[in-house]
Amino acid sequence: MMSKVIAVILGGGQGTRLHPLTATRSKPAVPIAGKYRLVDIPISNCLNSGIDRIFVLTQFNSASLNKHIKNTYHFNVFSNGFVDILAAEQTPSNSGWFQGTADAVRQSLHHISPFEFDYVLILSGDQLYQADFNDMIKKHAENKADVTVATIPVTAKDASSFGIMKTDENNNIISFIEKPKSGLEEWTSEVDDQMKAQGRLYQASMGIYIFNRETIYNTLMNDPHTDFGKEIIPEAITKQKVISYQYDGYWTDIGTIPSFFEANIGLTDNIPQFNLFDKRSIFSRARMLPPSKILGTTLEKTIIADGCIIDASRIERSVIGIRTRIGRGTTIECSYIMGCDYYQTLEQLGEAKATGAPIMGVGERCYIKNAILDKNCRIGNDVRINGGPHLEDGDYEKYTVRDGIVVIKKTAVIPNGTVI
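Nothing here was measured: the structure is a model prediction, and the numbers come from that model.

What to know about unusual backbone geometry
The amide bond that connects His19 to the next residue, Pro20, takes the cis arrangement and shows omega of 10°. Even without glycine at this site, Cys334 takes up a positive phi of about 45°. You can see Cys334 is positioned in strand S19 (residues 331–337). The backbone of Asp403 shows a phi angle near 50°, a positive value even though the residue is not glycine.

Some details on the environment of Ile152
Topologically, Ile152 is positioned in strand S8 (residues 147–154). Put simply, Ile152 and Gly249 are 97 residues apart on the chain and 8.3 Å apart in space, counted from C-alpha to C-alpha. Those residues within four positions of Ile152 in sequence are excluded, and the remaining contacts are Arg200, Tyr202, Gln203, Ala204, Met206, Tyr247, Gly249 and Trp251.

Examining the packing of aromatic side chains
On inspection of all chains with the given rule, the structure shows 10 aromatic pairs. Their ring planes at 40° and their centres at 5.9 Å tell us that Phe260 and Tyr336 sit as a pair that is tilted. Linking Phe260 in helix H9 (residues 257–265) with Tyr336 in strand S19, this pair joins segments that are 76 residues apart in sequence. Owing to a relative accessible area of 0%, Phe260 belongs among the buried residues under this scheme. In this structure Tyr336 comes out as buried when scored by relative accessible area, which is 0%. Among the aromatic side chains, those forming a connected cluster through ring pairs are Phe55, Phe82 and Phe115. The ring of Phe117 has Arg213 lying over it, and the distance from NZ or CZ to the ring centre is 4.2 Å.

Examining the domain arrangement of the protein chain
According to the domain assignment, the protein chain contains domain 1 (5–256) and domain 2 (293–414). Taking only C-alpha atoms into account, the centre of domain 1 sits 35 Å from that of domain 2. Of the residues lining the interface, 11 residues belong to domain 1; the matching set on domain 2 comes to 16 residues. Note on domain 1 versus domain 2: buried area summed over both sides is about 1000 Å², and carbon and sulfur give 57% of it. It is Pro20, Leu21 and Gly34 that lose the most area in domain 1 upon contact with domain 2, and together they represent 43% of the buried surface on that side. Counting every contact that joins domain 1 to domain 2 gives 1 salt bridge. Notably, a salt bridge pairs Asp374 with Arg25, separated by 3.0 Å at the nearest N-O pair. Viewed at the interface, domain 2 and domain 1 are joined by 5 residue pairs in polar contact (both at pLDDT 80 or more).

Focus: a negative patch on the surface
Side chains of Glu262, Glu392, Asp393 and Asp403 sit close together on the surface and give a patch of like negative charge. Within the element layout of this structure, Asp403 appears in the loop between strand S25 (399–402) and strand S26 (405–408). Residue Asp403 is classed as exposed on the basis of its relative accessible area of 57%.

The rules we used
Within each chain, residue numbers correspond to sequence positions counted from 1 in written order. Local features in this predicted model are restricted to residues whose pLDDT is 70 or higher, and side-chain atom pairs enter the listing and the counts only when it is 80 or higher, whereas totals over whole chains, interfaces and linings include all residues. Only hydrogens and water are set aside when side-chain values are computed; all heavy atoms of the structure are taken into account. Where helices and strands are cited, they refer to DSSP runs of H or I of at least four residues and of E of at least two residues respectively, numbered from the N terminus. Working rule for contacts: check all heavy atoms of both residues, and any pair within 4.5 Å makes them a contact. Between 30 and 60 degrees the pair is tilted, below 30 it is stacked and above 60 it is edge-to-face, where a pair is any two Phe, Tyr or Trp rings, Trp via its six-membered ring, whose centres lie within 6.5 Å. Accessibility here uses a 1.4 Å probe with only protein chains present; expressed as a share of the type maximum, an area under 20% marks a residue as buried, one over 50% as exposed, and anything in between as partly exposed. Throughout this description, the term charge over a ring refers to an Arg CZ or Lys NZ atom that lies within 6 Å of the ring centre and within 35 degrees of the ring normal. The source of the domain bounds is an automatic or database domain assignment. Using a 1.4 Å probe, buried area is obtained as the accessible area two parts lose upon being combined, added over both of them. The term salt bridge refers to a pairing of a side-chain nitrogen on Lys or Arg with a carboxyl oxygen on Asp or Glu at a separation within 4 Å. Polar contacts, as counted here, are pairs of nitrogen or oxygen atoms within 3.5 Å of one another; within protein the pair requires one atom able to donate a hydrogen and one able to accept it, and residues that are adjacent in sequence qualify only if both atoms are side-chain atoms. Patches here: salt-bridge-free residues with over 30% relative accessible area, like charges joined within 9 Å, nonpolar side chains (Val, Leu, Ile, Met, Phe, Trp, Tyr) joined within 5 Å. Here, Shrake-Rupley sampling with a 1.4 Å probe gives the accessible areas, and only protein chains in the shown set may cover a residue. The charged-residue count follows a simple rule in which Lys and Arg add positive charge and Asp and Glu add negative charge, with His and chain termini not counted at all. Working definition for charges: the position is that of NZ of Lys, CZ of Arg, CG of Asp or CD of Glu.

Structure (structure tokens):
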């Protein structure tokens, strides 16, 4: 069955709600869990499901995403598998950028059409979940559906943030409403007893779709609309057999700084909702880094990636990314330190010490709480970053505050003694 599937992963737009993490990179290229990129999640879900023909559609701030995919996903010469990048391009028939999710796929169809496939699996590049697509494809084929939409039951509180699908007793989607603010009692769907007990009665679209080959061509080439969720799917419901595939696992859309922060910090739970230690691997770039070195640090619910040198006093409920250096006497609480792209040499470290300049990483005697430190930051000694609801939202030269979370911008240098 999986040999009949082509996967298309959407690289996303500008990602303004995730700024400043998307100032120089696209959303799928944002580092997560200290050693991965967001795009590794949908690619890994595909590979673990036996889907090894994957296109990634890119457009905005795509250089780092393209580089990561090129350096990461290689198949042996006897395999037909690939992870290929399809960048927005000018053609004789189209001189513009991708105008939306559906338009991105439409403009890429001429690259996909030479391949043999029966189904197109369309995924987002900025979601966190673990799914086996085999069952979803199987249900799609058994029901002789034209389109399948993956849905997840949500509560009335969350329903206003999603496109909500109304389904019948056979899981056929019969109507759709985008982010309803009232009248929710008319939009409940049949869910299992566990979901009912949790008040999760509304089927929210996950932005994951399966189209038959003929359906995707007929739909996109004969419909001028540009977005799947807001236009293509609602119209397909009135003309074609569109079914819901109910997913009941952990899933979150990484759309804002708070959602990104909570997803990463949640990985430090005793039994996290997103399990990094599952038998299904998360694939990413293989780095030849040394093991991390810890020097007298008290660690509590902390994830530490490869190649770190940590001499801190205490680290609690935090994620520490690759090549992170943390100085003596520093305390870090509830924070995500993304790490560094390279090591400073001993000569550079000695020069920085002699001049009092901050080195790459976190200095000595610092206190950092409720913060995200983007790649290659230099935090000086005696710096205090204390995020929380007492801080007003704002965008400053070296950092941004969103919902009490302090985001230190990529390559920012925070001088000794700074207080935020």
